[in-house]
Every structure is written in C-alpha cells, then in structure tokens.
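Here is what each chain is made of, one letter per residue.
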Amino acid sequence: MNRLMKIHSVFFLCVLWANVLLAQDNRGRKQTVEDAKFEIVKERKNRVGEAERRFEKIPPQSNLEVEKPRLEYLQKDFSVRLPDFKPYFRVLKIKKEKKEKILSNYVKAGLGNYYRTMAEVFVGGKQGRRMTWGLKGHSSFWFRGPKDKANSSEDLQQFRGVLNWTGSRAKIENSLSFKRRGLNYYGYREPEYYASNGGAFDENDIKQSYNDISYLGVVSNAKPSDWQYRFSLEPYFFNNSYDTKETGVLLNGVLNGDWGTEWGMKMGLELNYTNLNSLEKDESRAFLKLRPEAVVDFGDWTVTGGLAFVYQSDSVSAFSKAMLFPVLDLGYLLNDQFDFHFGLDGGATNNTFRSLSYKNPFISPVPLVQNSVQDYSLYGKVSASLLQGLQLRTGFDYSLQTSLPYFVNNFEGSKPEEFLVKYDDSQTQVFHFFIDADYLFQNSIHMGVQAHFNSYDSEDLEELWSYPTSRVLAFASFNAGKKVNVRMAGEMLGGIKAWHGPDNTETLDAIFDLELRGTYQVNKRISAFLNLDNILGQENSLYYRYPTRGFQFMLGAKYDF
C-alpha cells in the first residue's frame, strides 16, 4: 500500500510539473482566433426506430444479506526528539556618553601697565547633594599711579569662603570674607606747599588702608511657596590704618505671604547696631526700621499700603528718635506687556563709617557719621516687554530729603587732600528720572543701557557737592563662535561740583570711560584674556584733585581644573 501511494505521488508531481512548464511556455505567446463559419440547419429531425425489448422480471429475493467490507486502519505512532529550548537573553548595552566635568576650579593671573599684577584662585566642590563649598582668593597691585609714581599706588586683597546647605524646606548660606584695600592720599599739593606751612612732606603720612572682616549668614526658602522669607545676619569689623575702628551687627529680614487669591502681606525688618571708636570719639548707635504692608488684589489693580516705623539712638542727628512714614503703592497691569506703579514712600538710611568709606576712600580718618532721612517720595514707573527679549523700565521720583551726606576737601585745615564728611541738615529737593533697557538675542548677544538724571535744590547749600547729576551706562556682549567672547562697556558721569573754599565752586570735567573685555578659549582648560580700561585715556577726576589712571591694559591667562 505504501508503494502504491508513492507511485500516485510521483504521477501527481509529474502532471503538475508538466502543467507548470506548459503554462510558462504558453506565457507570452500571441494567441489568435481564426475566422470560422457556423451553419445552423433548422427543422432537422432525428428519427430513432422503435426498439423491441424483451426481458424477464427478476423475482424478488427476501432476506438478502450483504457482507460489509472490513477496513483496517494501520496507525503508527511516531515522535521527533527535539532539543530542549533554552532561550538566551542578552541585555543591550548602550555606551553612555561621557559627561564633561564642570571645571569650576581655576587659577587666573595677569600683567598690565602701571606695573600692575593680578592673581586669583578658586577652589570649590560638592560635599553631597545638599552641601556646597568654595574658597576664593584675589590679589591685585598697582605699583604706579597717575600722579608721582609710587605715591599714587594701590593694592587690593580679598578672601572669601562659602558653605551652603539646602534642605527640603530651608536654605542656609554662610560666607566669611576678608577685604583689604591700600591706597595713598595722592591728591596733595606740591612739597613747597608743606614747606611754606612749616611742615615737611612725608610719604608715610599719605598712606591709608582699610580692613573689612565680616560674616554673612542667610536663611531662606528652599522652594517656592505661599510664604517666602529671607533673613540675614552680618556681624563685621572695619578699621583703617589711623586706629579708627567700627564694629557692627546688621540684621535684615523680608517676609511675604498670601491669604487666598486677593489678600497678602509684606514685612520688612532692618536692625543695625554699630560702635565707632577712635582716639577722638567713642560712639554707639542703634537703628531700627519696621515696614508692615498689606496687599489687596482687585484684578488688574493691586493696592499695597502700610507704614514705615523708624527708631534710632543717634545723639548727633538733626531729626527725632522715632518717626512714622506712610507707604502706598498702586499697581495696574494693562496687559502682558505693560505694568504701571505709582506711589508714596518714606524712611531713613543708616550711614556708617564702613558705608561712607566705600563711597569715598579719601575721607578723613575720623569722619562724622549720622543717619539720613527721606521725608517722603512720590514716584511713578512702568515696566514693558516690547519685543521678544527686550525689557524696558522707566520712571521718576520726587523726594524731600534731610541730612544728606556730601564730601568737601579740607582746605581750611592742614590736609587739603582729605575729604570731610558733612550733612545738609536743611531739606533738599531731589528729582530723579531713569530709563533702563535690556535686550537679549538668542543667548548670544546681550545689550543694555541705563541712564539716570538728578537735580538737587537745597535750602542752605549752594550745591550738593560731590553728587553727579547724570550717569549713563551702556554695555554689549556677544559670543563669536564657541571660543571668543567680547564685552564692551561705556560710562559717562557728569555734573560733579567741588567746593574750593568760600564762594569758589569747581565743576569737574565729565568722565567718559570705555572698557573692553575679550576672552579666547584655547582649549577645554586654558583660556586667555585681554582687558582694556579707560580706552580714551582721559585722566578725569571722580574726586576733586584725584585724577584717574589713563589708558590701562592687562593680558593674562586662566587655567580651569
């Protein structure tokens, strides 16, 4: 039977193969149908003769048994032995791109004219996900100055350590800093002046240095929330080379919160305590300013109102110890582009020996220190987003101020190179107008301009000496590729007037300062820089009788690690 099946299979395959070949052979042949003639003949009958059938009927048979065939099915079990299926899974490993290490540590050094040297180093890192630290040191020397070579030299030494910790709710910042600035009173007259007044010129008499040691601790929110706070504590020690010392503690705080969507509050705190000690005086002064405010939102309008309470224990000031000032601000949001604010403000400023020395380092070694008062200030300002990347802010304020500090040369004394600190105890009307524009284009070009214009009208003073009436600052920075960065800045100061004895006013020339900063990235770790200052080379004076250095340049390099 198996043999028979094989024969049938072979026959079937042969027939199938022949049909395939025949189909392939006939494929493509052009088949035509020839003309054919068909003849249809009608009324044609077929006659069949009658047949004579004779047969006998077969008698029926009863109980006929038909034997059924017996079919036997032969079944044969079979099985195929396959190997066990053991799948093998291989994890696809994608090669991770090596992250470039952020090189925050660096060493920087440079050399320039006026025999200037500069060195700077920074070392920092992360101690964990929440703690960061850093140490920075800076040293600069100008061994020559604009007048009489080394007698107008200057040096600057700075050191700062930072340790910050960020938790789930609060952020704590700590910094310890030391700053030393050394300079000379080079605004003196010729040696003949000292000889005619019975004295001799001594280079040691003109040396001055300031030392500032401070700690700053700040606690603030770690994440945005409905209640935002920031409190800082800064104890400091400040002295000069003439044994004048000032110790102080500054406490500042800001608390902002919202009650729902329409109500909010603000609270400002400023508490200062200072002690000034010298061979001539020993004064302790306290200053407290509280500023509670309530905020109400009326949709497009926002109203902020409150009070500013000031208390000070200052025996030399011309104003009372306790004062109260109204505070009011009306804000109107026109649309997403324009935001307007109008208001009334007031308060006081705590002046210190430290703050006055940063404004004018050539002041008398033992200056007069007292606070200033802003009786009231009326202001209006607008913020606008005109184009993509362009921000504009402009406004004005008109204020009435008392006890403003100003600086005049000590021509009536033995040292005209020193500036005396005096105060306008009468009321001074101050009008201030400003405009500030900032433009950022695709994170590659950044430009901006700031302009401030002031006018002063004092009841008793002819002029508010040493105050500029105009200041314009413009800057632009851009990246030329990935290796070159250029920044340019220009500043103009004008309208400064100096007191040169009774009925004698000196108007200082306007200051035009233009600087350029260029950096070239040689490779990942090394970069070179070129700094150009006072490109116009003008020896103008910010302080009377103290010309600035002329054209300055510095060339240096930086190594990141």
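Residues numbered from 1 in each chain as written. Predicted model: local features only at pLDDT ≥ 70, side-chain atom pairs only at ≥ 80, totals over all residues. Heavy atoms only, no water.

Can you lay out the overall build of the chain for me, pointing to particular residues and giving the numbers?
Each helix and strand in the chain was counted, giving three helices and 26 strands. Counting all 561 residues of the chain, 33% fall into the buried class. The contacts in the chain between residues at least 6 apart in sequence include a share of 56% that link residues at least 24 apart. About 38500 Å² of surface is accessible on the chain, with carbon and sulfur atoms providing 57% of the total. (Helix = DSSP H or I, 4+ residues; strand = E, 2+ residues; numbered from the N terminus. Buried < 20%, exposed > 50% of the residue type's maximum accessible area, 1.4 Å probe, protein only. Contact = heavy atoms within 4.5 Å. Areas by Shrake-Rupley, 256 points an atom, 1.4 Å probe, with all protein chains shown as cover.)

Now, about the environment of T132: what can you tell me, with residues and values included?
Position of T132 relative to the elements: it lies in strand β3 (residues 131-142). When the C-alpha positions of T132 and E173 are compared, they lie 9.6 Å apart, and in sequence the two are 41 residues distant.

With reference to specific residues and values, describe the pattern of salt bridges.
For the coordinates displayed, the defined rule picks out 15 salt bridges. Across the pair E154 and R181 runs a salt bridge whose closest N-O atoms are separated by 3.1 Å. With E154 in strand β4 (residues 154-166) and R181 in strand β5 (residues 170-184), the pair connects residues that are 27 residues apart, well separated along the chain. A relative accessible area of 28% means that R181 is categorised as partly exposed. In this structure, the salt-bridge partner of R517 is D533, at a minimum N-O distance of 2.9 Å. In this pair, R517 is assigned in strand β22 (residues 511-521) and D533 in strand β23 (residues 526-533), connecting sequence segments 16 residues apart. What makes D533 buried here is its relative accessible area of 15%. Through salt bridges with shared partners, a single ionic network connects E154, R181 and R549. (Salt bridge = Lys/Arg side-chain N within 4 Å of Asp/Glu carboxyl O.)

So what's going on with the environment of N204? Residues and values would help.
Assignment of secondary structure puts N204 in the loop between α2 (191-196) and β6 (207-221). Looking at N204, the relative accessible area reads 54%, which means it is exposed. Put simply, N204 and N184 are 20 residues apart on the chain and 9.1 Å apart in space, counted from C-alpha to C-alpha.

Account for the confidence of the model for the chain, naming residues and giving values.
When pLDDT is low, close inspection of the predicted coordinates is not appropriate. Per-residue confidence for the chain gives a mean pLDDT of 84, with 78% of residues at or over 70. Across residues 62-80 the pLDDT falls below 50, and counting only partners more than four positions away or on other chains, this stretch makes zero contacts in the model. (pLDDT = per-residue confidence, 0-100.)

Residues and numbers for the pairing of strand β14 (residues 372-385), please.
Bridge count for strand β13 (residues 338-349) against β14 is eleven bridges, and the pairing is antiparallel. Counterpart to F340 in the pairing with β14 is V382. Sheet topology note: the β14/strand β15 (residues 390-409) ladder contains twelve bridges and is antiparallel. Across the sheet, the residue bridging to Y376 is L400, located in β15. (Pairing = 2+ DSSP bridges.)

Which residues make up the packing of aromatic side chains, and what are the values?
All told, the structure shown has 21 aromatic pairs when counted by the stated rule. Residues Y106 and F122 carry aromatic rings whose centres are separated by 6.0 Å and whose planes lie at 20° to one another, so their mutual orientation is stacked. In this pair, Y106 sits in strand β1 (residues 106-112) while F122 sits in strand β2 (residues 116-126), placing the two residues 16 residues apart along the sequence. Judged by its relative accessible area of 12%, Y106 falls in the buried class. Judged by its relative accessible area of 21%, F122 is partly exposed. Their ring planes at 15° and their centres at 6.3 Å tell us that Y559 and F561 sit as a pair that is stacked. A relative accessible area of 39% means that Y559 is categorised as partly exposed. F561 sits in the partly exposed class, given a relative accessible area of 31%. Members of the aromatic cluster, connected to one another through ring pairs, are Y185, Y186, F362, F419, Y543 and Y546. It is R144 that lies over the ring of Y115; its NZ or CZ is 5.1 Å from the centre. (Phe/Tyr/Trp six-rings, centres within 6.5 Å; stacked < 30°, edge-to-face > 60°. Lys NZ or Arg CZ within 6 Å of the ring centre and 35° of its normal.)

Can you explain the side chain of R549? Please cite residues and give values.
Mapped onto the fold, R549 is located in the loop between β25 (546-547) and β26 (552-560). In this structure the side chain of R549 is engaged in a polar contact, spanning 3.4 Å, whose partner is the backbone oxygen of R144. At 3.2 Å, the side chain of R549 forms a polar contact with the backbone oxygen of S152. When near neighbours in sequence (up to four residues on either side) are disregarded, R549 contacts Y114, W142, R144, G145, P146, S152, S153, E154, N534 and Q538. (Polar contact = N/O pair within 3.5 Å; in protein donor to acceptor, adjacent residues only side chain to side chain.)

Account for the side chain of K281, with residues named and values stated.
With respect to the helices and strands, the residue K281 is situated in the loop between β9 (263-277) and β10 (282-298). Here K281 occupies a buried position and makes no salt bridge, while the nearest side chain of opposite charge, E283, is found at 4.1 Å. The contacts of K281, once residues within four sequence positions are left out, are L276, V366, P367 and L368. (Lys, Arg positive; Asp, Glu negative; His and termini not counted.)

Outline unusual backbone geometry, supporting the account with residue identities and numerical values.
A positive phi is found at D148, a non-glycine position, where the angle reads about 55°. Secondary-structure assignment places D148 in the loop between β3 and β4. Given the relative accessible area of 47%, D148 is considered partly exposed.

Got a sec to walk through the nonpolar core? Specific residues and values, please.
Counting residues in hydrophobic clusters, the biggest one holds 26 residues, and the most contacted among them are F353, F362, I363, F419 and Y546. Elements with a contribution of two residues or more to this core: β7 (227-240), α3 (353-359) and β16 (419-441). A per-element tally of this core places β16 first, with three residues. With residues near it in sequence (within four places) discarded, I363 still touches Y185, Y210, F353, L356, S357, F407, F419 and V421. With nine residues, the next largest nonpolar core counts Y406, V408, Y467 and W499 among its residues. (Core = buried A, V, L, I, M, F, W, Y, C linked by side-chain atoms within 4.5 Å.)

Summarise a nonpolar patch on the surface; cite the residues concerned and give the values.
Judged by side-chain polarity, V107, V121, V123, L135, F159, F178, I213, Y520, V522, I526, Y559 and F561 come together as a nonpolar surface patch covering roughly 950 Å² of accessible area. Within the secondary structure, F178 is located in strand β5. (Patch = residues over 30% accessible without salt bridge, like charges linked within 9 Å, V, L, I, M, F, W, Y side chains within 5 Å.)

If you had to explain the environment of K381 to someone new, which residues and values would you point to?
Relative to the helices and strands, K381 is located in strand β14. Distance from K381 to F340, taken between C-alpha atoms, is 6.0 Å for residues 41 residues apart in sequence. Discounting residues that sit within four places of it in the chain, K381 has contacts with D339, F340, H341, T394, G395 and F434.

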